[in-house]
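Chain and residue survey
Each chain, written out:
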Amino acid sequence: MLSNYFTIAIRSIRRNLSYTFLNVFGLTLSVAACLVIFLVVRNELSYDSYHKKADRTYRVTLHALDFNPSVSMAVVPAMRTDFPELEAVSQAFFQTNGLVKAGNTSYIEKRYGFVDEQFTSIFDFEWLAGNPKSALQEPNTAVLTESIARKFFGDKDAMGQIFRLNNEFDVKVTGLIKDLPGNTHLPIQFMVSFATIRQDLQSHGAMSEFYAIMGGNAYIVLPPHYSALQLEKKIPAFIKKNWGQDIAKEASLLLQPMKDIHFDQRYLNNSNSPTTSRKIYWGLAIIALFIMVTACINFINLATAQSMRRAKEVGVRKVLGANRPQLIWQFLSETSFLVFVALLLGVVSAFLFIPQVATWLDVKISNRQLLQPVVLGLVVSLGILIMLLAGLYPAFVQSSFRPVESLKRTTGHVYHGLSLRKGLVFIQFAISQILIVGTLVVAKQMDFLKAGDLGFDKEAVVTFNLPQKINQEVLKQQLIDDPGVAMVSFSSGAPSYNSSFTTLQAPEFGVTKDDVTEMKFIDEQYTSMFGLKMLAGRAVAKLGKNDTIPNIVVNETLIHKFGMRQPEDAVGKRVIVGGRSSVIMGVVQDFQSESKHKLRRPCVLLYNPNVFFAASVRLRPQEMQKTMAHIQKMWTALFPDDVFQYEFLDDHIASLYKQEAKVYTAFRLFSSLAILIGCLGLYGLVAFSAVQRTREVGIRKVLGASLVDIVGLFAKEFILLIILAFFIAAPVAYLVMNYWLGNFAYHINIGGGMFLAGIGISFLIAAFTIAYQSLKAALANPLKSLQTE
C-alpha cells in the first residue's frame with residue numbers, strides 16, 4: 001500500500017513540476033536558513049557554557065560609582081584567606097598590545113593575560129602538553145594555544161622554547177592547549193604566570209590598596225549547593241575588615257555569573273570582549289520561525305490552489321471505493337516525499353553556505369556541527385513539523401470533497417467566508433513588512449552610529465602606541481617633517497579611546513559626594529587636530545614653570561552636572577579631580593568618547609606628558625599609503641626592537657559597534673530569504689490563478705479589456721491584502737524596533753517614512769512577482785484562451 005501511495009505521489013509531482021519546484025525550493029531555503037540560524041543562535045547563547053563548572057563560576061566585579069569588571073589585585077588574596085569554603089579563587093590580568101619576540105621575529109599580540117595557577121582549574125582547556133596543575137606556578141612560564149605556538153615556533157615542538165615578552169621577560173613555554181572556542185569571553189591566545197609580575201604589582205601597591213584598579217579580573221568557583229546570595233551577604237563585612245568602614249559604605253563587590261558576562265551590558269565599554277543582548281538572538285530565532293511559517297504557507301496555498309485541479313481525481317477515487325483515510329495518507333505521502341527531498345537539499349545547502357555565513361557574521365560555526373546529535377534531532381523535528389503544518393491541512397481539505405461535487409468541479413474552500421489562501425497571503429505580507437521595516441530601522445541606526453555627529457573629526461587619522469622610553473619631541477618633529485602628515489598630537493588616547501577614570505567633586509557648588517569622570521591627558525595640538533569646539537575659555541596648553549594647580553578643560557556634561565548652564569560661568573571655577581584641586585580654564589563641546597550605548601560622561605582634559613601613551617597622526621589624503629610606508633620605515637629605524645602597529649580611527653569607531661554590525665548583516669541576510677520565500681509562493685499563486693482564469697481573460701479581452709485592466713485583475717486582490725497587512729505589521733514593527741533601540745543611549749527616531757518605505761517596498765515586491773504571469777496572461781491570444789478547457 002505504501003509503495004502505491006509513493007508511486008501515485010511521484011506521478012502527481014511529475015504532472016505539476018513547476019509547483020513542485022516552487023515548494024521544494026522554498027522548503028529547501030527555509031530548512032537551510034533555520035539550520036544556520038540555529039547554529040548561530042546556539043553559538044551566541046551558549047557563551048562559556050562548555051566549562052564544567054560554568055554554573056558555579058562567577059567574576060567578582062566592583063560597583064562604586066559605576067559598574068567595573070575589574071577589581072584590585074588585593075581582592076583575590078583576601079578572599080582566599082576569608083572565604084576558605086570557596087572551591088577556587090583566581091587572578092587574571094588581561095593585556096593588549098604585548099610585544100613578543102620569538103627567535104628573530106617580533107609580533108604584537110592583543111590577546112594574552114597573566115593568570116595564576118588556579119585559573120586552569122576553573123576553566124576547561126583541552127591540554128595538548130604540560131601539567132595543568134603546575135604549568136603556571138613558577139615565574140616566567142607560559143601556556144600557549146595551538147595556533148599561537150605554530151605562529152611563534154612553526155613546526156618545532158613549542159614545549160621548553162623561550163620567547164621574550166615586552167622586552168622585559170624571558171618566558172618559557174610549559175604547556176600547550178587547543179585554541180579556545182569562539183563563544184568565550186576570555187581574550188587569550190596565551191597565558192603567562194601571574195607570579196611573573198606579582199612583585200612589580202606589589203611595589204606599586206596594587207596588591208594591597210582597594211582602589212588600585214589596574215584591569216585585573218577575579219574569578220571564583222562556589223562549592224556545590226552554595227548560593228551566590230550567601231556569599232554576597234558576607235561581602236560588606238569582608239570589605240570593612242580588610243579596607244575599612246569608609247570604603248565599605250561606598251563600594252561593593254558583585255558576583256557576576258560567568259554565563260552572563262557576554263550579555264551584561266552594564267559593563268559594555270570595559271569588558272574584555274564585546275557584549276550583546278540575548279534578545280537580539282531570540283529575534284533571529286523568531287526570523288527563523290517566520291521563514292519556516294512562510295514556507296509552510298506557500299505549501300498550503302499551492303496545495304489548496306491545486307485542489308480544483310485534483311477535485312475530479314478525488315471524486316473518481318471515491319467512486320472506485322477509496323475512503324477518506326486512504327486519501328489522506330495518499331496526500332500525506334506526497335507531502336512526505338517533497339519534505340524529505342527539501343530536507344536533504346536543505347542540509348546540503350546549509351553545509352555549503354555555513355563557512356560563508358560564518359565569515360559574514362564573524363561567528364565560529366562550522367559545517368561539522370551539522371553532524372552533532374542535537375542538530376540531527378532538529379532536522380528530524382523540522383521534517384515532522386513541516387509535514388504536519390504543510391501537509392495535514394491540504395490532505396484533509398482535498399480528501400473531504402464529495403464525489404458528485406468533485407466530478408462537477410465544485411471549487412474553492414472557504415473558512416468563515418474568508419478564503420484560506422487570502423488569509424495566509426495576508427500573514428505573509430504582514431511578516432514581510434515587519435522584516436522590511438525592521439531591517440530599515442537597523443540600517444538607519446547603524447548609519448547613525450558610524451556616521452552620526454561624534455563631536456570630533458575622525459577622517460584620515462591613524463593612531464599607534466608610543467614606546468615607553470622615547471624622546472617625544474624628536475619623534476613628533478620627525479612625523480611633522482613628513483610632507484604627507486598634516487598634524488600630529490600625543491595623548492593618552494584619541495577621543496574615542498577611554499581608559500582613565502577618576503573621582504570628581506565640586507565643593508564650590510555644594511557637591512561633596514564623589515562622582516566619576518573620564519580623564520584624557522592631551523597635548524596642545526589635540527583640540528585643533530580633532531576639531532573639538534571650544535565653547536568658553538581657552539584650550540589645553542603646556543603648564544608654566546610656576547603653575548602648581550592643574551588647569552583643566554571640561555566638557556558640557558560636567559558643567560551641567562553641577563548646575564551650570566552657560567559655559568562662561570564655569571571658567572575659573574575650582575573642582576576636585578582625583579583628590580586634587582583643579583581650575584577650569586575652558587569648556588569644550590561634548591564629544592563621543594564611548595559607544596552610543598551609554599550616555600556621555602563628564603570628561604576632563606589636561607596636559608601631562610608623562611602619560612602620553614599614544615600618537616595620533618592626521619594624514620593628507622593624496623598619498624596616505626606612501627606616507628604610512630615612510631612612517632613605518634622611520635619607526636623601524638628609531639625603535640628596532642618594537643613592532644609598528646597602527647589603527648585608523650574610523651576603524652576603531654566601527655569596532656565599537658561590532659555586535660550591531662553582525663545583527664545588521666544577519667537581519668539583511670535572513671530577512672531577504674524570508675521575503676524571497678514569500679515571493680516564490682506569491683508567484684506560484686498568480687501563475688495558478690492565471691491558468692485557472694485563462695478563458696475569463698480571453699473573454700475580457702474580446703469584450704475590450706485593456707492590458708492595464710487585465711494586469712489589475714490579478715493585482716487588485718493582492719494590493720488590498722498588502723494594505724490590510726500594513727495595519728497589523730506597522731504597530732508590531734514599531735513596538736519591537738523601539739524596544740531594540742532602547743539598548744542605545746543615543747538612537748534614531750522611528751519616523752513615518754520608514755513605514756511608508758516598508759509598504760512601498762512590499763508593493764514593489766508584489767508588483768515584480770505578479771508582473772510576469774499577469775502580463776503573460778494579458779498578452780495571450782484571446783482565440784487560444786477561449787479554446788482552453
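Scroll up to find the structure.
Read on for a plain summary of the structure. Remember, it's a predicted structure, so these values are computed and weren't measured experimentally. (Residues numbered from 1 in each chain as written. Predicted model: local features only at pLDDT ≥ 70, side-chain atom pairs only at ≥ 80, totals over all residues. Heavy atoms only, no water.)

1. Description of the packing of helix 3 (residues 75-82) against helix 7 (residues 228-243)
At a minimum axis distance of 11 Å, the contact between helix 3 and helix 7 shows a crossing angle of 115 degrees. In terms of orientation, helix 3 and helix 7 fall into the roughly perpendicular class. Here helix 3 runs over helix 7; the crossing is right-handed. Contacts from Val75, Ala78, Met79 and Asp82 of helix 3 reach helix 7 at Leu231, Phe238, Lys241, Asn242 and Trp243. The residue makeup of the contact of helix 3 with helix 7, split by class, is 6 nonpolar, 1 polar and 2 charged. (Axes fitted to C-alpha atoms, helices over the stretch in contact; angles between N-to-C directions. Helix = DSSP H or I, 4+ residues; strand = E, 2+ residues; numbered from the N terminus. Parallel < 35°, antiparallel > 145°, perpendicular 65-115°, else oblique. Left-handed = near helix turned anticlockwise from the far one by under 90°. Contact = heavy atoms within 4.5 Å. Nonpolar A, V, L, I, M, F, W, Y, C, P; charged D, E, K, R; others polar.)

2. Structural notes on the sheet that holds strand 25 (residues 614-619)
With antiparallel pairing, 4 strands are arranged side by side in an open sheet as 17-25-16-26. The sheet terminates laterally at strand 17 (485-491) and strand 26 (646-648), the two strands that pair on one side only. Taken over all neighbouring pairs, the strand axes of this sheet differ in orientation by 20 degrees on average, direction set aside. Relative to strand 25, strand 16 (residues 461-465) is paired through 5 bridges, and the arrangement is antiparallel. Its bridge partner lying in strand 25, Asn465 is registered against Ala614. Contacting strand 16, strand 17 and strand 25, helix 15 (residues 472-481) runs over the sheet at an angle of about 160 degrees to strand 17. (Pairing = 2+ DSSP bridges.)

3. Some thoughts on empty space enclosed by the protein
Sizing a probe to match a water molecule and rolling it over the atoms shows the empty space that remains. Under the definition given, this model contains 7 cavities of 30 Å³ or more. Counting only elements with at least two residues in the lining of the second largest cavity, the list comes to helix 14 (420-451), helix 21 (658-692) and helix 24 (752-778). Along the lines of polarity and charge, the residues of the lining of the second largest cavity split into 7 nonpolar, 4 polar and no charged. (1 Å grid on protein atoms, 1.4 Å probe; cavity = no way out; pocket = protein on both sides within 12 Å on 5 of 7 lines; lining within 4 Å. Points joined across faces, edges and corners; volume = space filled by probe spheres on them.)

4. Points about the environment of Val588
Tracing the backbone through its elements, the reader meets Val588 in strand 23 (residues 580-588). Linking Val588 and Thr557, residues 31 residues apart in sequence, is a C-alpha distance of 9.7 Å.

5. As for the side chain of Asp264
Relative to the elements of secondary structure, Asp264 occurs in the loop between strand 13 (252-257) and helix 9 (278-305). At 3.1 Å, the side chain of Asp264 forms a polar contact with the side chain of Gln256. Not counting residues up to four positions away in its chain, the partners in contact with Asp264 are Gln256 and Thr275. (Polar contact = N/O pair within 3.5 Å; in protein donor to acceptor, adjacent residues only side chain to side chain.)

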